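Coordinate analysis (summary)
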There are 2 protein chains.
Amino acid sequence: MSSQNPKRAMFEQFAAVARTIGSAHRLELLELLAQTERSVEELAGLSGLTIANASQHLQQLRRSGLVEARRDGKRMLYRLADGDVVALLGALRRVTERNVGAVEKVLNSYFRERDSLEAISRKELLRRMREGTVTVIDTRPAEEFAAGHLRGAINVPLHEIKRRLRELPRDQAVVAYCRGTYCVLSYEAVAELRKRGFKAFRLEEGYPEWRAAGLPVDHSATA
Amino acid sequence: MSSQNPKRAMFEQFAAVARTIGSAHRLELLELLAQTERSVEELAGLSGLTIANASQHLQQLRRSGLVEARRDGKRMLYRLADGDVVALLGALRRVTERNVGAVEKVLNSYFRERDSLEAISRKELLRRMREGTVTVIDTRPAEEFAAGHLRGAINVPLHEIKRRLRELPRDQAVVAYCRGTYCVLSYEAVAELRKRGFKAFRLEEGYPEWRAAGLPVDHSATA
DNA sequence: CAAATATTCAATTATTCTCTTGAATGAGAC
DNA sequence: GTCTCATTCAAGAGAATAATTGAATATTTG
């Protein structure tokens, strides 16, 4: 709480924001909010926190300007403040991954075929979308798709994929995406599609990063 | 310290790194290290910490992989781990600035003419350097310049600027930079040069960001 | 207006982090 | 080998943070 020196005071502000993301629970809440706006009860349920505790963490996030809230009837709906927050979490992820062996190990065991399924970048996907040489599938559940998705993507939730193979082209590339870098849905989808002979790829990142980059999204129901 | 759930364990790793940058002292140390490699004693002096305390903070930064250390005789020299760290600090700065009024106020009082002196981006500067239509001056002290500077820049420490005006061209743009976004040296230099009728601009960011972006740097003595 | 629901507040306890102090280590100098 | 210097380690007091509980507030519903 010092402040004699303006530079020190500034560092103190930065540090306060950093401390706010210095909690696994709050990071999880932020990840959940990166998908879509959600109520306190929903967030508590998804993260395994009690309602009161989730509320307190959300208020800390709010005080630091990382999330915003609005009232909808008797519920409070929270959402990420903006794309800079997604960028901050991405930077944190990169720094952590590079130097912390433990993360590597978790990644290797959890996302088993991580590196074997080549990913394409946002830039590359955009180029191919403009060319019209690619079909983009969103492997998240229908509700999440409805709340926002890449413009031009079709919703094929992972568990429906086997039933819906005939909607997908065999002569051009299929790119799957889901919630973000640590979401397994698109990995599974790509693995399944490859097994069936499709030219399937995974988008390197997920919906939150796409939206944060200011790239086109839609909020319609199933396209 | 949980770890039953792999996802939770991952968040815990990220949170640990975030907590490490959640301290004004450590952020200041990181900023000092963004300039150049330094010894514990030097860092303690510059940041006003006791040696023992500085050492402990540096070890925390090291455990989180944010800095690296090497021994040189009886001194330990610390340096930033890599450019990702600069990117993380930049992302933290952006998120904080946008939402925390206190930072705005500090900026306005400390960097008084902040917005009145237009800044040019790295990209723009690179373009003009290739064209040869710009002179780049580094306004930091000679020691820092010697430890690393933008390739093609000449060192004109702020306090020497009045004496060295005749080295600078009046017919083409002069771009000044210094330690980073919160360094005042380049602001002062640009203000002085404008007063004298030069076409002077400030580089948006400083040396650490330039180097972190992988752009060309040199380590010679005064060029 | 009273009841029901969703969220927040306030107080408590347990845990973690910070700084200080003085001793211990490692490397070079004599 | 001993001395000196730079850094690190270890222990303890004080401060900040986290999770839990139960009460309080705001909003819709009857």
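Because the structure is a prediction, the values reported are computed rather than measured. (Residues numbered from 1 in each chain as written. Chains lettered and ligands numbered in written order. Predicted model: local features only at pLDDT ≥ 70, side-chain atom pairs only at ≥ 80, totals over all residues. Heavy atoms only, no water.)

**Notes on the overall build of chain A**
Check the secondary structure of chain A and you find 10 helices and 10 strands. Looking at chain A residue by residue over its 223 residues, the buried ones come to 51%. For chain A, contacts bridging at least 24 residues in sequence account for 65% of all contacts bridging at least 6. As displayed, chain A offers around 10500 Å² of accessible surface, 48% of which is attributable to carbon and sulfur atoms. (Helix = DSSP H or I, 4+ residues; strand = E, 2+ residues; numbered from the N terminus. Buried < 20%, exposed > 50% of the residue type's maximum accessible area, 1.4 Å probe, protein only. Contact = heavy atoms within 4.5 Å. Areas by Shrake-Rupley, 256 points an atom, 1.4 Å probe, with all protein chains shown as cover.)

**Quick look at the protein's contact with DNA strand C**
Taken together, the neighbourhood of DNA strand C is formed by 22 residues, with Glu41, Ser55, Gln59 and Tyr78 of chain A together with His57 of chain B sitting nearest. Sugar and phosphate atoms form 80% of the subset of DNA strand C atoms that lie within 4 Å of the protein. For DNA strand C, a phosphate oxygen lies 2.6 Å from a polar atom in the side chain of Ser55 of chain A. Here a sugar or linking oxygen of DNA strand C and a backbone polar atom of Lys74 of chain A are 3.4 Å apart. Secondary-structure elements contributing two or more residues to the surface near DNA strand C are α3 (40-47), α4 (51-63) and β3 (75-80) of chain A together with α2 (24-35) and α4 (51-63) of chain B. Here the element with the most residues in the surface near DNA strand C is α4 of chain B; it accounts for 5 residues. Taken together, the residues of the surface near DNA strand C sort by class into 5 nonpolar, 11 polar and 6 charged. (Near = heavy atom within 4 Å. Polar contact = N/O pair within 3.5 Å; in protein donor to acceptor, adjacent residues only side chain to side chain. Nonpolar A, V, L, I, M, F, W, Y, C, P; charged D, E, K, R; others polar.)

**Remarks on the relation of the copies chain B and chain A**
The two copies are related by a screw motion: chain B maps onto chain A through a turn of 180° and a shift of 0.0 Å along the axis, at an RMSD of 0.1 Å. Within this description, the copies of the chain are treated as partners about a two-fold rotation axis. Interface overlap between copies is the fraction of interface residues in one copy that are interface residues in the other; for chain B against chain A it reaches 100%, indicating a shared surface. (Least-squares fit on C-alpha atoms with pLDDT ≥ 70 in both.)

**Description of the environment of Arg196 of chain B**
All names here are of chain B. Residue position: Arg196 is located in the loop between α9 (185-195) and β9 (200-203). Along the sequence, Arg196 and Glu37 sit 159 residues apart, while their C-alpha atoms lie 36 Å from each other. Residues contacting Arg196, with those up to four places away along its chain left out, are Lys162, Leu165 and Arg170.

**Some points on the domain arrangement of chain A**
All names here are of chain A. The domains assigned to chain A are domain 1 (6-85) and domain 2 (109-218). Counting residues at the interface gives 4 residues for domain 1 and 8 residues for domain 2. Our count for the contact surface shared by domain 1 and domain 2 stands at 0 salt bridges. Counting the contacts that link domain 1 with domain 2 gives 3 residue pairs in polar contact (both at pLDDT 80 or more). (Domains from an automatic or database assignment. Salt bridge = Lys/Arg side-chain N within 4 Å of Asp/Glu carboxyl O.)

**So, the sheet that holds β3 of chain A**
All names here are of chain A. As summarised here, the arrangement of the 3 strands in space is β1-β3-β2, forming an open sheet in which the pairing is antiparallel. Whereas interior strands pair on both sides, the edge strands pair on one side only; in this sheet they are β1 (38-39) and β2 (67-72). Bridge analysis of β2 against β3 gives 6 bridges, and the strand direction is antiparallel. Looking across to β3, one finds that Val67 is bridged to Leu80. Contacting β1, β2 and β3, helix α2 (residues 24-35) runs over the sheet at an angle of about 90° to β3. (Pairing = 2+ DSSP bridges. Axes fitted to C-alpha atoms, helices over the stretch in contact; angles between N-to-C directions.)

**Details of helix α1 (residues 6-20) of chain A**
Look at α1 of chain A: 22 Å from first C-alpha to last across 15 residues, which is about the 21 Å you get at 1.5 Å a residue. Every buried residue of α1 of chain A is listed here: Arg8, Ala9, Met10, Phe11, Phe14, Ala15, Val17, Ala18 and Thr20 of chain A. (Expected span 1.5 Å × (residues − 1).)

**Digging into the packing of α3 of chain A against α4 of chain A**
Residue and element names in this part refer to chain A. Running from N to C, α3 and α4 cross one another at 110°; their axes reach a closest spacing of 9 Å. For the element pair α3 / α4, the angle class is roughly perpendicular. Touching Val40, Glu41, Leu43 and Ala44 of α3 are Ile51, Ala54, Ser55 and Leu58, all from α4. Split into classes, the residues belonging to the contact of α3 with α4 amount to 6 nonpolar, 1 polar and 1 charged. (Parallel < 35°, antiparallel > 145°, perpendicular 65-115°, else oblique.)

**Some thoughts on the protein's contact with DNA strand D**
Near DNA strand D you find 22 residues, and of these His57 of chain A together with Glu41, Ser55, Gln59 and Tyr78 of chain B are the closest. Within 4 Å of the protein, atoms of DNA strand D come from sugar and phosphate in 80% of cases. Residue His57 of chain A places a side-chain N or O atom 2.6 Å away from a phosphate oxygen belonging to DNA strand D. Looking at the surface near DNA strand D, the elements with two or more residues in it are α2 and α4 of chain A together with α3 (40-47), α4 and β3 (75-80) of chain B. Sorting elements by how many residues they give to the surface near DNA strand D places α4 of chain A first, with 5 residues. Per-class residue counts for the surface near DNA strand D are 5 nonpolar, 11 polar and 6 charged.

**Notes on the confidence of the model for chain A**
Summing up the model confidence of chain A, the mean pLDDT is 88 and the portion of residues at 70 or higher is 88%. Interface confidence for the predicted complex, expressed as ipTM, amounts to 0.87; the pTM equals 0.87. (pLDDT = per-residue confidence, 0-100.)

**Details of the sheet that holds strand β8 (residues 173-177) of chain A**
All names here are of chain A. The 5 strands are arranged β4-β9-β8-β5-β7 in an open sheet whose pairing can be described as parallel. A single partner strand is all that each edge strand has here, and the edge strands are β4 (119-120) and β7 (154-155). With 2 bridges connecting them, β4 and strand β9 (residues 200-203) associate as parallel partners. When the bridges of β9 are listed, Ile120 appears paired with Leu203. Sitting on the sheet, helix α7 (residues 122-131) is in contact with β4, β5 (134-138), β8 and β9, with an inclination near 125° to β5.

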